[in-house]
Amino acid sequence: MPVPNALRNIAPTVWELPVGYKPGMLVPARIFATEKLLHAMDAGVFEQVSNVACLPGIINHAYCMPDGHWGYGFPIGGLAAMDPEAGVISPGGIGFDINCGMRLVLTNLTCDEVQPRLHHLVDQLFYRVPAGVGGHGFVRLSHDEFCRVVEQGSRWCLKNGYAWPEDLEMTEEGGCFPGADASKVSAKAVDRGYNQIGTLGSGNHYLEIQVARRENVFDEETARAFGITAPDQVVIMFHCGSRGFGHQVATDYLQTFLGVMEKKYGIQVNDRELACAPFRSREGQDYFAAMKCAVNMAFANRQVILHRIREVFADVFHRDPRDLGMNMVYDVAHNTAKLERHLVQGKMREVLVHRKGATRAFGPGMEGIPDCYRETGQPVIIGGSMETGSYLLAGMASGDQAFYTTAHGSGRTMSRHQAKKLFKGQKLQRDMEARGIYVQTVSYGGLAEEAGAAYKDIDDVVEATELAGLSRRIVKLTPVGNVKG
DNA sequence: ATGTTC
């Protein structure tokens, strides 16, 4: 793919489109990538990241991570920090699947211990963690009770027996963004979401049994701090978000913003998909409060899924989940907007950070990460495709160059439509089983869309984040079992 | 991503 002529190489893994690349840019646009990944990016990335650079109140740069690709308004892999007083909030900078994120859970089992029961284990997970479009969960909630879930997130789960106390500490922001207000959420969103707690969803959402092979440990000391202590230790990784609920919240407020952006607030954008409102406006604050509900719904969703996973392991291995060492490493969000304090031009100040397909990666010693990770920096979980593996990384002090943010996954190289034409789900399932990965899916078409070859090489993506100083590799994790939504 | 095109 040809890159724009105006693109300048600032450092080996940093590329910049200067102000003036297109009219209206307030700051330069920065792309983190190796030369190989840069050339694998679609033209939409350059178009979209430079459009983001035109949004009112943007600070420093508009950014795109190494796994960046074309998305709704913002690129997926997009990062933009706004001045909360003069800037805007934009749903396109967060994504439809609000608080889509990753959770990584330990076990003290080895691959050899799991292997004889792997099929049964994956089948049970497939049966007990509902997946697929329109899937509904086993938690029966009234609409009113669901409103408490979305205001309290993981705290609701703790009160209702779905969490261990320490799970909350190992979740970004304790599993609850404060200030969530269910009265800012439409009845339609509540109606779509109230029966979706504890469900995986579809698309690239999955639940995976993985192995930390000894030869894939990059930093043994940090791995140990993250709970990876034994050769061929088995871990569980899953990826999902706020389901139909978050989707409806995003849809509702995109509509609202389109109605007021120009007429009421006089804001012009290059693309209607960048619909936004001043952060301090009524509409902006309402969306922020509703978005937090979706964030908390996703935290609660992943928490209830973890509860179900623990039940399945207890049944399959006839042992208590505590005895199986099923503690969380961490839970990271990769589709959010959040007020954070950052050093901007030598001054600590509050900024509104939009991360869309981009993971917070706080470095060592920073406020807001668990004490046990103070020395190492926060754990960062980056999911690859179901065929090629995933990574556990750590935040770095040099992450300050991008508001302590890193990549979130592989990034697609082809559309879902193309992948479906190229791959056949049933054959893929057989091929993967021959290579030691047992897959269960609700949809063979959906499986084909997620073929490893439809994604960039995860090794390339994490290498780029490390070279750029955004996050460093700790352990590569290899899949042996997968439940595909 | 998504009661996958109100």
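Let us look at the structure shown here. (Residues numbered from 1 in each chain as written. Chains lettered and ligands numbered in written order. Predicted model: local features only at pLDDT ≥ 70, side-chain atom pairs only at ≥ 80, totals over all residues. Heavy atoms only, no water.)

The next subject is the protein's contact with DNA strand B. Near DNA strand B lie 14 residues; those nearest to it are Arg192, Ser202, Gly203, Asn204 and Arg243. A distance of 2.8 Å separates a phosphate oxygen of DNA strand B from a polar backbone atom of Ser202. Here a base oxygen of DNA strand B and a side-chain polar atom of His247 are 3.4 Å apart. At the level of secondary structure, the elements contributing two or more residues to the surface near DNA strand B comprise α8 (187-193) and α10 (243-260). Broken down by element, the residue count for the surface near DNA strand B peaks at three residues, all from α10. (Near = heavy atom within 4 Å. Polar contact = N/O pair within 3.5 Å; in protein donor to acceptor, adjacent residues only side chain to side chain. Helix = DSSP H or I, 4+ residues; strand = E, 2+ residues; numbered from the N terminus.)

All buried positions along helix α5 (residues 143-152) are accounted for by Glu145, Phe146, Val149, Val150 and Gln152. Looking one or two places after α5, you find Gly153, whose phi comes out positive at around 55°. (Buried < 20%, exposed > 50% of the residue type's maximum accessible area, 1.4 Å probe, protein only.)

Not every positive phi belongs to a glycine, and Asp232 is a case in point at roughly 60°. Within the element layout of this structure, Asp232 appears in the loop between α9 (220-225) and β9 (233-240). Looking at Asp232, the relative accessible area reads 27%, which means it is partly exposed. Backbone geometry places Gln345, a non-glycine residue, at a positive phi of 45°. Within the secondary structure, Gln345 is located in the loop between β12 (335-344) and β13 (347-356).

Direction vectors running N to C along α10 and helix α11 (residues 282-317) enclose 170°, while the axes themselves pass 9 Å from each other. If you check the angle between α10 and α11, you find them roughly antiparallel. Where α10 abuts α11, its residues Arg243, Phe245, Gly246, Val249, Tyr253, Thr256, Phe257 and Val260 lie against Glu283, Gly284, Asp286, Tyr287, Ala290, Met291, Cys293, Ala294, Met297 and Asn301. The residue inventory of the contact of α10 with α11, partitioned by class, reads eleven nonpolar, four polar and three charged. (Axes fitted to C-alpha atoms, helices over the stretch in contact; angles between N-to-C directions. Parallel < 35°, antiparallel > 145°, perpendicular 65-115°, else oblique. Contact = heavy atoms within 4.5 Å. Nonpolar A, V, L, I, M, F, W, Y, C, P; charged D, E, K, R; others polar.)

Glancing now at the packing of aromatic side chains. This model, assessed by the stated rule, comprises 16 aromatic pairs. Look at Phe138 and Tyr162: their rings are 6.3 Å apart centre to centre, the planes differ by 75°, and that puts the pair in the edge-to-face class. One end of the pair, Phe138, is in the loop between α4 (118-128) and α5; the other, Tyr162, is in the loop between α6 (154-159) and α7 (165-169), with 24 residues separating them in the sequence. Taken together, the aromatic side chains of Phe32, Tyr63 and Phe403 make up a single cluster linked through ring pairs. Lying across the ring of Phe138, Arg308 places its NZ or CZ 3.7 Å from the centre. Here Arg310 stacks its cationic end above the ring of Trp164, 3.4 Å away from the centre of that ring. (Phe/Tyr/Trp six-rings, centres within 6.5 Å; stacked < 30°, edge-to-face > 60°. Lys NZ or Arg CZ within 6 Å of the ring centre and 35° of its normal.)

The next thing to look at is the layout of surface pockets. Empty space within the second largest pocket amounts to approximately 210 Å³. Contributing to the lining of the second largest pocket are Glu173, Glu340, Arg341, His342, Leu343, Met348, Phe362, Met366, Glu367, Gly368 and Tyr404. If you tally residues by element for the lining of the second largest pocket, the top one is β12, at four residues. Its residues placed into classes, the lining of the second largest pocket shows five nonpolar, two polar and four charged. (1 Å grid on protein atoms, 1.4 Å probe; cavity = no way out; pocket = protein on both sides within 12 Å on 5 of 7 lines; lining within 4 Å. Points joined across faces, edges and corners; volume = space filled by probe spheres on them.)

The subject of this paragraph is helix α2 (residues 43-52). Of all ten residues that make up α2, eight are buried, and the element is covered over most of its length. Buried residues belonging to α2 abut β2 (14-17), β3 (29-32), α1 (35-40), β4 (58-69) and β5 (76-82).

Examined against the element boundaries, Arg355 turns out to sit in strand β13. The class of Arg355 is buried, set by a relative accessible area of 1%. Separated by 3.0 Å, the side chains of Arg355 and Glu340 make a polar contact.

The buried fraction of β9 amounts to eight of the eight residues, a majority that puts the element mostly inside the structure. As paired elements, strand β7 (residues 101-110) and β9 share seven bridges and run antiparallel to each other. Within the sheet, the bridge partner assigned to Leu104 lies in β9 and is Met237. Looking at chain direction, strand β8 (residues 206-212) and β9 are connected through seven bridges and run antiparallel. What sits directly across from Gln210, in β9, is Val235. (Pairing = 2+ DSSP bridges.)

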